[in-house]
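Here is how the chains run, residue by residue.
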Amino acid sequence: MNTIRDVLSPKLIDTEDFTEASAAVERLREIYERNTSFLRDHFEAYVRGEPLNARVRATYPFVRIIISTHSRLYSRLSYGFVSGPGMYQTTVTRPDLFRAYLTEQIGLLIKNHGVPVGIGQSDEPIPIHFAYPRGINVATDLPGDRPLRDFFDTPDLAAMDDSIVNGTLQTPPGAPAPLSLFRATRVDYSLHRLYHYTGTDPDHFQNFVILTNYQFYADAFAHMGRERMRSGHADGDAFIEPGNVVMRNARLGDAEPVGMPPERMPQMPAWHLMQRDYGGTTLVNIGTGPSNARNITDHIAVLRPHAWLMLGHCAGLRASQTIGDYVLAHGYVREDHVLDEELPLWVPIPALAEVQVAIERALSEVTGLSGFELKRIMRTGTVASVDNRNWELGDHVAVIRKLSQSRAMALDMESATIAANGFRFRVPYGTLLCVSDKPLHGEIKLAGMASQFYRMRVGQHLEIGLKALENLKTQERERLHSRKLRSLTEVAFQ
């Protein structure tokens, strides 16, 4: 079989310097749209059976900045500048989706360093799957007997790792240092995974995210979102449900839902209360277990949200706790084991003061309690997250000893994972759990008890979470994206 040696590519666009962020982002968009269109046109011709005698390749655009001084830059922000002289670069995908984000990041670089940014074409190929917002169905019959990757670039896992995030990237001599935590292919991979897992397009995700482990919270959020749209509530322009079902706010037009819900719910369905500039709230039902918790946060992280909160149920570990009490996590025991390689257990996962204050303030506002009275229904302490749902069936003495030594107040399967991935991805995080059972004290969650608990607490718990996010939305960006989450050698992009 002959090897295809020729490569068919669009004409190279020369790298150009820009001193205005919006113009730089527009050039990124022009390169990206032209190159993905080039791939789509040739792929569709190939599917129609038209002969293809060369390999088709187009590449992502890049942003580059070159710094020549060691001058120390003072900034209260934890991002928006590079640490020293050198060349820094990142590839970019979906400039349409990330327009506001890219405009801010590039604008800060230009402002803080007083030099232009270069925009051009990289050597990082765009996989043909990622030239389409939802990918391609390669299960359909393709012409000839040659595999698709003989003619088009396909996703390469070697280019989609998290070495930048994890601090393990070894930059070759003379190569540019990274500007962003994620290269374009890694972002594209997660954008496609988000649609697969949540049943909604990544375009709908908002900058403030609630993650929950029970469908009751999703049902309450969906009911609230629909009611707000029907009533013309000031908070929210549209409400999006799985299947990309869109319900517009009545004050903006017809509030009837548009679209078809899926025949079967996706693995981790998402709902989105949309506001201008992605300032609304997304809720995802991640189900049970640390694997799901890591999976979804691995992908949401590429959207660079401003905060995510875990709202869910837990086992209360103290005799003094009551079913329905809240636990505000200020520390975590990581017995989940899904991030041990990427984030060793010796790395502390600190509570973030800005998030802790926002949650406690929301709890006080919703319940009407404050000070010592608030402590009647809320404890602040360590949450242990495990990977074994039947942890209570293990060696009872060993379980009690470990939990007692850690001073844990509550136990679940997701919170430590979500917090650890927030720390790893530099996404502000927090956890507010509600005690649904106390298995160590004979109060096991059975059907009757569970139904009463859900009626009593789910609505209030969700309201507290939403109020906490509203509190975070009013904070200055430099306070929310704390320098506590940034490493010694950090990328410039938030």
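Refer to the structure presented above.
Presented here is a report on the structure given in the accompanying data block. (Residues numbered from 1 in each chain as written. Predicted model: local features only at pLDDT ≥ 70, side-chain atom pairs only at ≥ 80, totals over all residues. Heavy atoms only, no water.)

## Observations concerning the pattern of salt bridges
What counts is decided by this rule: Salt bridge criterion: a side-chain nitrogen from Lys or Arg within 4 Å of a carboxyl oxygen from Asp or Glu. The helix count covers DSSP runs of H or I at least four residues long, the strand count covers runs of E at least two residues long, and both are numbered beginning at the N terminus. When accessible area is computed with a 1.4 Å probe and restricted to protein chains, residues below 20% of their type maximum are described as buried, those above 50% as exposed, and intermediate ones as partly exposed.
The full count for this structure, using the stated rule, is 29 salt bridges. The shortest N-O distance in the salt bridge between Glu104 and Arg477 comes to 3.4 Å. Taken together, the positions of Glu104 in helix H2 (residues 99-113) and Arg477 in helix H12 (residues 477-480) put the pair 373 residues apart, joining distant regions of the chain. Its relative accessible area of 27% is what places Glu104 among the partly exposed residues. Arg477 sits in the partly exposed class, given a relative accessible area of 32%.

## Overview of the nonpolar core
Convention followed: Note on terminology: a nonpolar core comprises buried Ala, Val, Leu, Ile, Met, Phe, Trp, Tyr and Cys residues joined through side-chain atoms within 4.5 Å. Residues count as neighbours in contact if any of their non-hydrogen atoms are within 4.5 Å of one another.
Within the largest apolar cluster, 111 residues are counted, with the highest numbers of intra-cluster contacts made by Ile106, Val117, Leu211 and Trp308. It is helix H11 (residues 447-473) that contributes the most residues to this core, seven residues altogether. Dropping the residues within four chain positions of it, Val117 is found in contact with Glu16, Asp17, Phe18, Ala24, Val63, Arg64, Ile65, Ile106, Leu109 and Ile110. If you look at the next biggest cluster of nonpolar residues, it comprises 20 residues, including Leu52, Val56, Ala58 and Met160.

## Quick notes on the pairing of strand S4 (residues 59-67)
How we decide: Note on pairing: two strands pair once DSSP finds at least 2 bridges between them.
Counting buried positions along S4 yields seven of nine residues, so the element is predominantly enclosed. Examined bridge by bridge, S4 and strand S6 (residues 117-125) share five bridges and lie antiparallel to one another. Paired with Pro61 across the two strands is Gln121, which belongs to S6. The pairing of S4 with strand S5 (residues 86-91) spans six bridges and is antiparallel. In the sheet register, Ile67 faces S5, and the bridge partner there is Gly86.

## Description of the packing of helix H6 (residues 290-300) against helix H10 (residues 415-425)
Going by this rule: Here, axes are lines fitted to C-alpha atoms. For helices the fit covers the stretch in contact, and angles between N-to-C directions go from 0 to 180 degrees. Angular relationships are summarised with four words: roughly parallel below 35 degrees, roughly antiparallel beyond 145, roughly perpendicular across 65 to 115, and oblique for the angles in between. Note on convention: near helix rotated counterclockwise from far helix by under a right angle means a left-handed crossing. Clockwise means right-handed. Polarity classes work like this: nonpolar for Ala, Val, Leu, Ile, Met, Phe, Trp, Tyr, Cys and Pro, charged for Asp, Glu, Lys and Arg, and polar for all others, with Gly in that last group.
At a minimum axis distance of 9 Å, the contact between H6 and H10 shows a crossing angle of 30°. By the angle between their axes, H6 is roughly parallel relative to H10. Pair H6 / H10 crosses with right-handed handedness. Within the contact between the two elements, H6 uses Pro290, Ala293, Arg294, Thr297 and Asp298 and H10 uses Thr417, Ile418, Asn421, Arg424 and Phe425. Partitioned by chemical class, the residues of the contact of H6 with H10 number four nonpolar, three polar and three charged.

## Points about the sheet that holds strand S7 (residues 177-178)
In space, the five strands of this open sheet follow the order S2-S6-S4-S5-S7, with mixed pairing throughout. Strands with a single pairing partner mark the edges of an open sheet, and in this sheet they are strand S2 (16-18) and S7. As paired elements, S5 and S7 share two bridges and run parallel to each other. From the neighbouring strand, Tyr88 faces S7, where its bridge partner is Ala177. In the packing of H2 onto the sheet, contacts are made with S2, S4 and S6, and the angle to S4 comes to roughly 20°.

## Observations regarding empty space enclosed by the protein
We apply this condition: Definitions used throughout: a 1 Å grid over protein atoms alone; a cavity as a set of points that fits a 1.4 Å probe which cannot get out; a pocket as an open set with protein on both sides within 12 Å along at least five of seven lines; a lining residue as one with an atom within 4 Å of a point. Grid points are joined across faces, edges and corners, and a volume is the space filled by probe spheres set on the points.
Taken as a whole, this structure holds four cavities of 30 Å³ or more when the rule is applied. Approximately 150 Å³ is the volume found for the largest cavity. What lines the largest cavity is a set of 15 residues, among which Thr91, Tyr101, Ser180, Phe182 and Val187 lie closest to the centre. Put simply, the parts of the chain that give the lining of the largest cavity at least two residues each are S5, H2 and helix H4 (184-198). The residue inventory of the lining of the largest cavity, partitioned by class, reads nine nonpolar, four polar and two charged.

## A short note on the packing of helix H1 (residues 21-47) against H2
Their axes nearest at 8 Å, the elements H1 and H2 cross at an angle of 130°. One element, H1, and the other, H2, form an angle in the oblique class. Remark: the crossing between H1 and H2 carries right-handed chirality. On H2, the residues touching Ala21, Ser22, Ala24, Val25, Glu26, Leu28 and Arg29 of H1 are Arg99, Leu102, Thr103, Ile106, Gly107 and Ile110. Of the residues belonging to the contact of H1 with H2, the class tally is seven nonpolar, three polar and three charged.

## Remarks on the layout of surface pockets
Considering only enclosed or pocket space, the largest pocket measures out at about 590 Å³ in volume. What lines the largest pocket is a set of 27 residues, and nearest its centre among them are Ile164, Gly167, Arg426, Ser487 and Thr489. Only helix H3 (163-166), S7 and H10 provide two or more residues apiece to the lining of the largest pocket. Broken down by element, the residue count for the lining of the largest pocket peaks at four residues, all from H3. Of the residues belonging to the lining of the largest pocket, the class tally is 14 nonpolar, seven polar and six charged.

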